[in-house]
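As a plain string of letters, each chain reads:
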Amino acid sequence: MKKLFINISLSVLLILSLTILISCEDKFELPTTSELGNISGDTVYVQLNPAWEGFNNPQDIFIGNEPFVYVADTDNDRIVMMNLAGTVLGTKAIKRPVAIAQDYQLNLIVCSEFDTLGSTFGAVYKINLVAANHNIAEAPITRLLPRPNVPSDLKTGIRYTGVTVFYDNSFYIARTGPNNSSIFDPDNSILIFQKKLLSDGSKTDTLIGRLPSIEPIGTGLLTAYNISSLTSFKRRNTDFIMTLTGNTTFKTQWLYYNFSSETPGYESRLSPGTNQMMNPNKFSRPEGVTADISGNIYVADADRDSIYKFNSFGDELQSFGGPQLFNQPYAVAHFDKTLYVVDKGNNRILRFILSTDLR
C-alpha cells in the first residue's frame, strides 16, 4: 500500500513539473481541418515566448553559420542581425531586402532593390561580414546585380526573390519579371553564380548564366513561374527546393541534378501523386521554405496561414497554424530543434519546438 502511494505521488509530481515547465509557453495542436490533411497525433508544437517584435513587413529569416540570426526587415529597409536569444547585435541599411542567404566564407547574399536614373530596380548585394569583424553596420557591401556597365541588367520590371548557397560557395538567384517570350533570357529564371579565378589569384562571384531546361512559365514541373524562395541542403550536392506563387500545379518542388541521364540536368526528386508534398494544388501561396539537418522540409503558406512539415520522402508530418496564430507566414528557418517563422502580417518572428523536444 505504501509503495502504491509513493508511485501515485511521483506521478502527480511529474504532471505538476511538466505543467510548470510549459506554463510560459503556448501549445498549438496539430490541425484537424481538411485544409491541412487532417493530421493527427500526440505531438504538438510549443511556442517559445516572447515573440520577437519591432519589425516592419519582414519577409525572410536565415540562421547563419556562426550562428547568428538574420532578418530581412523589408519596410524598415534593413537587415537585422541577432543572436539566438533574440538580442539585436546590429543592422545594415539596404533598400527593401526580401531574401537572405550566407556562404561558407560568412558573406551575406541579399536580394533587395536600389534606385538609379530616377527608377527603382531589383538588386543583389554581398555583405562581407568578416572584413568588419561581424560589425554588420560597418561591413563592406558590393552589388552583384545589376552588374556595373551591363545596361541589359537594368530592367524596371525585374525583381530577385530568392537565393541559396551550395557547399562550394556557388549560389543560385531566383529572378522574376513580366517578359518571358525570349528563349535565351526570359525574366523568370534561376541565375547561376560561381567563383571565378582572377589573374592575381583571387576569386570573385561571377554570373555564368541561367539554369537550362527550366521553363519561365509553366503549370507543371521544372518551371520558374514566380519563384518566391529557394533553399539548399547542407550537403555536398546541388539539390535545392523552390516555392512558386505562379499559376502552377506543384508549388513546392525539390530538384536534383541527374548526372547519369542521357541529357544531364535537373529533375524532380519527388514524383507527383506519390507523396503529400507533390499532391496537385497542395499549396496556395507558399512564400518560404527551409530544410533541417535531418532532411525534413518546412513550407510557409501565406494564404493559408500555415506551416507544413514533410519528411525527405514528401510525407506530411507535423503541420500547424491558422489565422489565430499567423497572419501571412512568409519564411521559415530551423536550427537546434527550433523552428523560426516570419509572421509577416503581425510584424514579428515566432519560435517553436516540438513537445517531444522539450528539455
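Preceding block: the structure.
Below you will find a few notes about this structure. This one's a predicted model, so the numbers in the text were calculated from it and none came from an experiment. (Residues numbered from 1 in each chain as written. Predicted model: local features only at pLDDT ≥ 70, side-chain atom pairs only at ≥ 80, totals over all residues. Heavy atoms only, no water.)

1. Quick look at the pattern of salt bridges
Under the defined criterion, the tally for this structure stands at 15 salt bridges. One salt bridge in this structure joins Lys 195 and Asp 205, with 2.8 Å as the shortest N-O distance. Here Lys 195 is found in strand β13 (residues 189-197), whereas its partner Asp 205 is found in strand β14 (residues 203-210), with ten residues between them in sequence. According to the relative accessible area criterion, Lys 195 is partly exposed, its value standing at 25%. Residue classification places Asp 205 among the buried residues on the basis of a relative accessible area of 10%. One salt bridge connects Asp 303 with Arg 285, and the closest N-O pair in it is separated by 3.2 Å. On the criterion of sequence distance, the pair formed by Asp 303 in the loop between β20 (297-301) and β21 (306-310) and Arg 285 in the loop between β18 (265-268) and β19 (286-291) is long-range, its members being 18 residues apart. (Salt bridge = Lys/Arg side-chain N within 4 Å of Asp/Glu carboxyl O. Helix = DSSP H or I, 4+ residues; strand = E, 2+ residues; numbered from the N terminus. Buried < 20%, exposed > 50% of the residue type's maximum accessible area, 1.4 Å probe, protein only.)

2. Considerations on the sheet that holds strand β4 (residues 69-73)
Read from one edge of the open sheet, four strands run β3-β4-β5-β6, paired in antiparallel fashion. In this open sheet, the two edge strands, each paired with only one partner strand, are β3 (58-63) and β6 (88-93). Strand-to-strand twist across the sheet, computed as the mean angle between neighbouring axes with direction ignored, equals 20°. With five bridges joining them, β3 and β4 adopt antiparallel strand pairing. The residue of β4 that forms the bridge with Phe 62 is Tyr 70. (Pairing = 2+ DSSP bridges. Axes fitted to C-alpha atoms, helices over the stretch in contact; angles between N-to-C directions.)

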